[in-house]
Amino acid sequence: MTQIDCHKYFDFAATGIPDAEIIRSSIEQSLEHWGNPSSIHDWGKDAKNVLENAREICEKVLNVKKGTVYFTSGGTESDHIPLLAVINRPVKGSVAISNIEHPALREMKSSLEHAGLKVVSIQSDKNGFVTKENVLAALQEDTIFVSVMAVNNETGAVNDIYSIADAITEFGKGKRKPFFHVDCVQAAGKVPLKLNHLGIDSAALSAHKIGGPRGIGILYLSKEINAFMRGGGQEKNVRSGTENVFGAVAFSKCLEKYFWNQERFELQKKWTEEFIQKLISQTNGKCTIIPHGRIELQDNYSPWVVQAAFKNIPGQVMVRALSSKGFYISTGSACSASKQSRPILDAMNISGAEKETAVRFSFGHLTTWDDMENLLKAVKETCEIFK
């Protein structure tokens, strides 16, 4: 495939379509400033200046303090660094991770337990939300680390990370406050995001979700940490390894262009509400929206992600059928695509039949209403084949 048909691509939650202009200009900039940023000669200093300028742009767009943005290889590493740093502290304790987290954190449970740590699962409700009450119920006197994602990558459920941060802060008064980490990979550029909220200790972001290249992420840290992984000391010892100047520049440009647009958000919200209504009305009772309470709680979900099940049509069959028509969707997280299990849907107690037939539609800044209407037509045609 040599050309990108953005008008038939509906898997933006897996990866965004690269912004060609940003990618090209960032490559050109990195070719011009090709030195190793850690070198002390002029070429190194030149590259260092470019890297630090990209960092300053990211910090300005994210509205966080200077020196709190660290460049990593992506969302997974940005999730792992604070977790490993906290559990490596002399003071040991339990870890609390929500049961709707991305595999980058959810799959760490067995490794942590193998290392002798107690891992508590923070339960979500039937609509896919993790509330402050859920979090407080999971906290223990020895809890040292808590992780709750901002926006779920399969259902679009938006968690109130700010009330959760406040609850954790209150819980920690007079004692050691648990470290609070937020996976913001599906939130950046999609929903309002305030990383500088008191009580949020770290956050993970990934460039390729908003038009940037793969292999570059951001770790926000409200305070410096003593990292577990060591090496050459780059990124203030938090993330050693030769810095990815190209990726940092590209990410900074993507954040400037895509981080937040209220008008575009409101438009997508309107389109998605209509898309859901038509999915139900045009498929003759075959479609069930997941979570079941989404229609009533529409404002609490990201308008960029819709999960739906189609009676008697296995999810993989729907994906292939639409792909044959040139439309691209998924059955869920790309990181779990090779697995048959659906942990996020299990967490919401979704029935086996619905889990098997569930698919995810996800939209991006390039999506238009005409695109969504064409997708609706293709879904309707597919449903008519499988009567």
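Predicted, not measured: the structure shown is a model, and the values here were computed from it.

A. View of the overall build of the protein chain. Along its length, the protein chain carries 13 helices and 10 strands. For 387 residues, the compact-globule formula gives about 21 Å, and the C-alpha radius of gyration of the protein chain, at 21 Å, lands near that figure. C-alpha extents for the protein chain along the principal axes are approximately 65 × 55 × 35 Å. By the burial criterion, 56% of the 387 residues in the protein chain qualify as buried. Intrachain contacts of the protein chain at a sequence separation of at least 6 include 72% that bridge at least 24 residues. Accessible surface for the protein chain amounts to roughly 17200 Å². Of this, 52% is attributable to carbon and sulfur atoms.

B. Expanded view of the sheet that holds strand E1 (residues 69-72). Taken together, seven strands build an open sheet; the order of strands is E1-E7-E6-E5-E4-E2-E3 and the sheet is mixed. For this open sheet the edge positions go to E1 and strand E3 (119-122), each flanked by a neighbour on one side alone. Adjacent strand axes in the sheet meet at a mean angle of 20°, parallel and antiparallel pairs treated alike. As paired elements, strand E2 (residues 94-98) and strand E4 (residues 143-147) share four bridges and run parallel to each other. Paired with Ala96 across the bridge in E4 is Val146. Relative to E1, helix H2 (residues 42-62) is tilted by about 120°, and along the sheet it contacts E1, strand E6 (202-206) and strand E7 (217-221).

C. Structural view of the pairing of E1. The alternating pattern of E1 places Val69 and Phe71 on one face and Tyr70 and Thr72 on the opposite face, and all of these are buried. Direction of pairing for E1 relative to E7: antiparallel, over a ladder of four bridges. Looking at E7, one finds that Phe71 is bridged to Ile218.

D. Geometry of the pairing of strand E5 (residues 179-183). By the criterion of burial, E5 is predominantly enclosed, with five of the five residues buried. Burial along E5 is two-sided: the face carrying Phe179, His181 and Asp183 and the face carrying Phe180 and Val182 are both buried. Regarding the hand of the β-α-β motif, the stretch spanning E4, helix H7 (residues 161-171) and E5 is right-handed. Alignment of E5 against E6, held across three bridges, turns out to be parallel.

E. Focus on the nonpolar core. Core analysis: the biggest nonpolar cluster contains 82 residues, and Phe180, Phe275, Leu279, Phe310 and Phe361 have the highest contact counts within it. Per element, the largest residue contribution to this core is eight residues, and it comes from helix H8 (residues 245-258). Not counting residues up to four positions away in its chain, the partners in contact with Leu279 are Cys287, Ile289, Val306, Ala308, Phe310, Phe361, Leu376 and Val379. Within the second largest apolar cluster, 20 residues are counted, among which are Leu83, Val95, Met108 and Leu117.

F. How the structure looks around the sheet that holds strand E8 (residues 287-290). Judged by pairing direction, the sheet is antiparallel, and its three strands sit side by side in the order E8-E9-E10 without closing on themselves. Taken across any chain shown, the strands that pair with only one partner, and hence form the sheet edges, are E8 and strand E10 (358-362). Geometrically, the sheet is characterised by an average inter-axis angle of 35° between neighbouring strands, direction not taken into account. As defined by bridge partners, E8 adjoins strand E9 (residues 305-310) across four bridges and the pair is classed as antiparallel. Residue Thr288 lies in a different strand from E9, and its bridge partner there is Ala309. Of the strands in this sheet, E8, E9 and E10 are in contact with helix H9 (residues 262-281), which crosses E9 at around 5°.

G. Molecular detail of H8. Its 14 residues place the ends of H8 20 Å apart at the C-alpha level, agreeing with the 20 Å of an ideal helix rising 1.5 Å per residue. Within H8, 10 of the 14 residues are buried, which leaves the element mostly enclosed by the surrounding structure. Those residues of H8 that fall on the buried side of the exposure criterion are Val245, Gly247, Ala248, Val249, Ala250, Phe251, Ser252, Cys254, Leu255 and Tyr258. Residues of H8 that are buried in the fold lie against helix H1 (20-32), H2, E1, E6 and E7.

H. Broad picture of the pattern of salt bridges. If you walk through the whole model with that rule in mind, you get 19 salt bridges. Ionic pairing is found between Arg360 and Asp11, a salt bridge with its closest N-O pair at 3.2 Å. Of the two residues, Arg360 is situated in strand E10 and Asp11 in the segment before H1; the sequence distance between them amounts to 349 residues. Of the two residues, Arg360 and Asp11, neither departs from the other in class, the shared state being buried. Salt-bridge contacts for Lys48 lead to Glu52; the nearest nitrogen and oxygen are separated by 3.7 Å.

Analysis parameters
Residues numbered from 1 in each chain as written. Predicted model: local features only at pLDDT ≥ 70, side-chain atom pairs only at ≥ 80, totals over all residues. Heavy atoms only, no water. Helix = DSSP H or I, 4+ residues; strand = E, 2+ residues; numbered from the N terminus. Rg over C-alpha atoms; globule rule 2.2 N^0.38 Å. Buried < 20%, exposed > 50% of the residue type's maximum accessible area, 1.4 Å probe, protein only. Contact = heavy atoms within 4.5 Å. Areas by Shrake-Rupley, 256 points an atom, 1.4 Å probe, with all protein chains shown as cover. Pairing = 2+ DSSP bridges. Axes fitted to C-alpha atoms, helices over the stretch in contact; angles between N-to-C directions. Right-handed = clockwise from strand over helix to strand, strands pointing away. Core = buried A, V, L, I, M, F, W, Y, C linked by side-chain atoms within 4.5 Å. Expected span 1.5 Å × (residues − 1). Salt bridge = Lys/Arg side-chain N within 4 Å of Asp/Glu carboxyl O.

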